[in-house]
Amino acid sequence: MPLSLGEYAGRALYDPDLSLAGADVQLTGFVSSILPDGFVLTRFALSCCAADGTAIDVHVRSDQPAPPVDTWVQVTGQWENRDGHVVGELTTDPPLLTAESLLRVPQPAEPYET
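Residues numbered from 1 in each chain as written. Predicted model: local features only at pLDDT ≥ 70, side-chain atom pairs only at ≥ 80, totals over all residues. Heavy atoms only, no water.

## Points about the sheet that holds strand E4 (residues 72-80)
Working step 1: Read around the closed barrel, the five strands follow the order E1-E2-E3-E5-E4; overall the barrel is mixed. The sheet shows a mean angle of 55 degrees between the axes of neighbouring strands, direction not considered.
Working step 2: Contacting strand E1 (24-35), strand E2 (38-45), strand E3 (54-61), E4 and strand E5 (96-104), helix H1 (residues 5-14) crosses the sheet at an angle of about 70 degrees to E3. (Pairing = 2+ DSSP bridges. Helix = DSSP H or I, 4+ residues; strand = E, 2+ residues; numbered from the N terminus. Axes fitted to C-alpha atoms, helices over the stretch in contact; angles between N-to-C directions. Contact = heavy atoms within 4.5 Å.)

## Observations concerning the packing of aromatic side chains
Working step 1: This structure, assessed with the given rule, holds two aromatic pairs.
Working step 2: Taken together, a centroid distance of 6.0 Å and an interplanar angle of 25 degrees make the contact between phenylalanine 30 and phenylalanine 44 stacked. Residue phenylalanine 30 is located in strand E1, and its partner phenylalanine 44 is located in strand E2; the two are separated by 14 residues in the primary sequence.
Working step 3: Here phenylalanine 30 falls in the buried class, since its relative accessible area comes to 14%.
Working step 4: Accessibility expressed as a relative area gives 34% for phenylalanine 44, which makes it partly exposed.
Working step 5: Here the aromatic rings of phenylalanine 30 and tryptophan 72 are separated by 5.5 Å at their centres, their planes lie at 55 degrees, and the arrangement is tilted. (Phe/Tyr/Trp six-rings, centres within 6.5 Å; stacked < 30°, edge-to-face > 60°. Buried < 20%, exposed > 50% of the residue type's maximum accessible area, 1.4 Å probe, protein only.)

So, in C-alpha coordinates, the structure goes:
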(Lines give C-alpha, C1' and ligand atoms only; values in the text may rest on other atoms or scores of the structure.)
Protein backbone atom coordinates (compact mmCIF):
# COMPACT_ATOMS: atom_id res chain seq x y z
CA MET A 1 0.00 0.00 0.00
CA PRO A 2 1.50 3.36 -1.00
CA LEU A 3 1.70 5.86 1.87
CA SER A 4 3.12 9.33 2.29
CA LEU A 5 6.05 9.51 4.70
CA GLY A 6 3.90 11.63 7.02
CA GLU A 7 1.10 9.08 7.15
CA TYR A 8 3.59 6.25 7.64
CA ALA A 9 5.38 8.08 10.47
CA GLY A 10 2.13 8.91 12.25
CA ARG A 11 0.78 5.38 12.05
CA ALA A 12 4.14 3.70 12.77
CA LEU A 13 4.80 5.74 15.90
CA TYR A 14 1.36 6.54 17.31
CA ASP A 15 -1.34 4.11 16.07
CA PRO A 16 -2.41 2.01 19.08
CA ASP A 17 -4.17 -0.43 16.73
CA LEU A 18 -0.83 -1.26 15.03
CA SER A 19 -2.53 -1.04 11.63
CA LEU A 20 0.81 -1.37 9.81
CA ALA A 21 1.78 -4.68 11.45
CA GLY A 22 2.33 -7.26 8.72
CA ALA A 23 1.36 -4.90 5.89
CA ASP A 24 3.60 -4.24 2.89
CA VAL A 25 3.98 -0.49 2.49
CA GLN A 26 5.50 1.59 -0.28
CA LEU A 27 7.26 4.88 0.47
CA THR A 28 8.88 7.38 -1.89
CA GLY A 29 11.46 9.94 -0.85
CA PHE A 30 15.10 10.86 -1.17
CA VAL A 31 18.08 9.45 0.67
CA SER A 32 19.23 12.11 3.12
CA SER A 33 21.92 10.16 4.99
CA ILE A 34 23.60 6.78 5.04
CA LEU A 35 23.49 4.63 8.19
CA PRO A 36 25.45 1.47 9.08
CA ASP A 37 22.33 -0.67 8.56
CA GLY A 38 20.60 1.30 5.81
CA PHE A 39 19.69 4.92 5.21
CA VAL A 40 17.31 7.74 6.10
CA LEU A 41 14.46 8.31 3.65
CA THR A 42 13.22 11.91 3.73
CA ARG A 43 10.51 14.08 2.29
CA PHE A 44 9.58 17.66 3.22
CA ALA A 45 6.05 18.56 4.26
CA LEU A 46 4.71 22.05 3.63
CA SER A 47 1.83 23.69 5.44
CA CYS A 48 1.93 26.96 3.56
CA CYS A 49 5.20 27.56 1.77
CA ALA A 50 8.83 26.42 1.60
CA ALA A 51 9.71 28.59 4.61
CA ASP A 52 7.62 26.35 6.89
CA GLY A 53 8.95 23.06 5.46
CA THR A 54 9.43 20.21 7.92
CA ALA A 55 11.52 17.12 7.21
CA ILE A 56 9.80 13.78 7.67
CA ASP A 57 12.31 10.95 8.11
CA VAL A 58 12.05 7.17 8.06
CA HIS A 59 14.97 4.93 9.03
CA VAL A 60 15.13 2.26 6.32
CA ARG A 61 16.95 -0.94 7.23
CA SER A 62 18.22 -2.79 4.21
CA ASP A 63 20.62 -5.58 3.28
CA GLN A 64 21.18 -3.84 -0.06
CA PRO A 65 23.81 -1.14 -0.42
CA ALA A 66 22.33 2.29 0.29
CA PRO A 67 21.79 4.53 -2.72
CA PRO A 68 23.79 7.76 -2.79
CA VAL A 69 22.56 10.76 -0.81
CA ASP A 70 19.98 12.85 -2.74
CA THR A 71 18.83 9.84 -4.80
CA TRP A 72 15.05 9.44 -5.02
CA VAL A 73 13.87 5.91 -4.26
CA GLN A 74 10.69 3.91 -3.83
CA VAL A 75 11.01 1.47 -0.95
CA THR A 76 8.66 -1.43 -0.31
CA GLY A 77 8.87 -3.08 3.07
CA GLN A 78 7.33 -3.67 6.45
CA TRP A 79 6.98 -1.62 9.60
CA GLU A 80 9.25 -2.54 12.48
CA ASN A 81 8.83 -1.03 15.92
CA ARG A 82 11.95 0.62 17.28
CA ASP A 83 13.45 -1.18 20.30
CA GLY A 84 12.20 0.43 23.49
CA HIS A 85 9.53 2.55 21.79
CA VAL A 86 6.01 2.22 23.13
CA VAL A 87 3.61 2.93 20.28
CA GLY A 88 1.65 6.05 21.13
CA GLU A 89 4.37 7.68 23.23
CA LEU A 90 6.24 10.73 21.96
CA THR A 91 9.66 10.15 20.45
CA THR A 92 12.21 12.11 18.47
CA ASP A 93 13.47 8.96 16.72
CA PRO A 94 12.15 8.29 13.21
CA PRO A 95 10.08 5.19 12.57
CA LEU A 96 11.67 2.09 11.04
CA LEU A 97 10.94 0.27 7.82
CA THR A 98 12.62 -3.01 6.88
CA ALA A 99 13.11 -2.87 3.12
CA GLU A 100 12.17 -5.80 0.91
CA SER A 101 12.79 -3.97 -2.36
CA LEU A 102 14.36 -0.72 -3.43
CA LEU A 103 13.88 1.05 -6.75
CA ARG A 104 15.52 4.27 -7.90
CA VAL A 105 12.91 6.68 -9.28
CA PRO A 106 12.97 10.20 -10.72
CA GLN A 107 12.11 13.08 -8.42
CA PRO A 108 8.30 13.42 -8.41
CA ALA A 109 6.75 16.44 -10.12
CA GLU A 110 5.55 17.45 -6.65
CA PRO A 111 8.44 16.62 -4.30
CA TYR A 112 6.71 18.03 -1.20
CA GLU A 113 4.01 16.49 0.97
CA THR A 114 1.15 18.78 1.93
